[in-house]
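# Chains, contacts and geometry: an overview
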Amino acid sequence: QVQLVESGGGLVQPGGSLSLSCAASGSIFRVNAMRWHRQAPGNQREWVATITDGGEAVYADSVQGRFTIYRDNAKNTVYLRMNSLKPEDTAVYYCSADVIPTGFNVNINYWGQGTQVTVSS
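Described below are features of the structure shown in this document. What you see is a predicted model, and the numbers here were worked out from it, not measured in a lab.

With that out of the way, let us pick up the state of the cysteines. Scanning the model with the defined rule gives one disulfide in all. Covalent S-S linkage joins C22 and C95, the inter-sulfur distance amounting to 1.8 Å. One quick way to see it: the torsion about the S-S bond of C22 and C95 is about 50 degrees, and its sign makes the bridge right-handed. In this pair, C22 sits in strand β3 (residues 18-26) while C95 sits in strand β9 (residues 91-101), placing the two residues 73 residues apart along the sequence. C95 gets classed as buried once you look at its relative accessible area, which sits at 0%.

Next comes the structure, spelled out in structure tokens:
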């Protein structure tokens, strides 16, 4: 079994910053790409950022230049540093990861349970 657990959500004022983390645990052989997604009320879930196991990062246009995704491979953890937050960034943020579990030879996509980020004055 593999679990992803997010933490770090909360309430922040517009223009403020917040950091999220997501730790993968369980019977893991290898963690490949890790991603952040978000879903605002009434909207579809949208992709935010991806980081490869080699550290290459790509971002959605809506967060480019404000958000930074990074990871600690030794801890199987991905982070999202969010700066210059706007009310429209309010959403439940989810992480996902492509994981090769111990004893398998294929990538399986796992998701966390989500953490709420609210940007409001």
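Let us keep going from here.
The relative placement of two aromatic rings is captured by the distance of their centres and the angle of their planes. One pass over the full model with this rule turns up one aromatic pair. A ring pair is formed by Y70 and Y79, whose centres lie 4.9 Å apart and whose planes are at 15 degrees; its orientation type is stacked. On the accessibility criterion, Y70 (39% relative accessible area) is partly exposed. Y79 gets classed as partly exposed once you look at its relative accessible area, which sits at 21%. Stacked on the ring of Y94, the Lys or Arg R45 has its end atom at 3.8 Å from the ring centre.

The strand order β1-β3-β8-β7 describes an open sheet built from four strands, whose pairing is antiparallel. The outermost strands of the open sheet, each flanked by one partner alone, are β1 (2-7) and β7 (67-72). Sheet twist, expressed as the mean angle between neighbouring strand axes with direction ignored, is 15 degrees. Bridge count for β7 against strand β8 (residues 77-82) is six bridges, and the pairing is antiparallel. Paired with T68 across the strands is R81, a residue of β8.

Calculation notes
- Residues numbered from 1 in each chain as written.
- Predicted model: local features only at pLDDT ≥ 70, side-chain atom pairs only at ≥ 80, totals over all residues.
- Heavy atoms only, no water.
- Disulfide = S-S within 2.5 Å.
- Helix = DSSP H or I, 4+ residues; strand = E, 2+ residues; numbered from the N terminus.
- Buried < 20%, exposed > 50% of the residue type's maximum accessible area, 1.4 Å probe, protein only.
- Phe/Tyr/Trp six-rings, centres within 6.5 Å; stacked < 30°, edge-to-face > 60°.
- Lys NZ or Arg CZ within 6 Å of the ring centre and 35° of its normal.
- Pairing = 2+ DSSP bridges.
- Axes fitted to C-alpha atoms, helices over the stretch in contact; angles between N-to-C directions.

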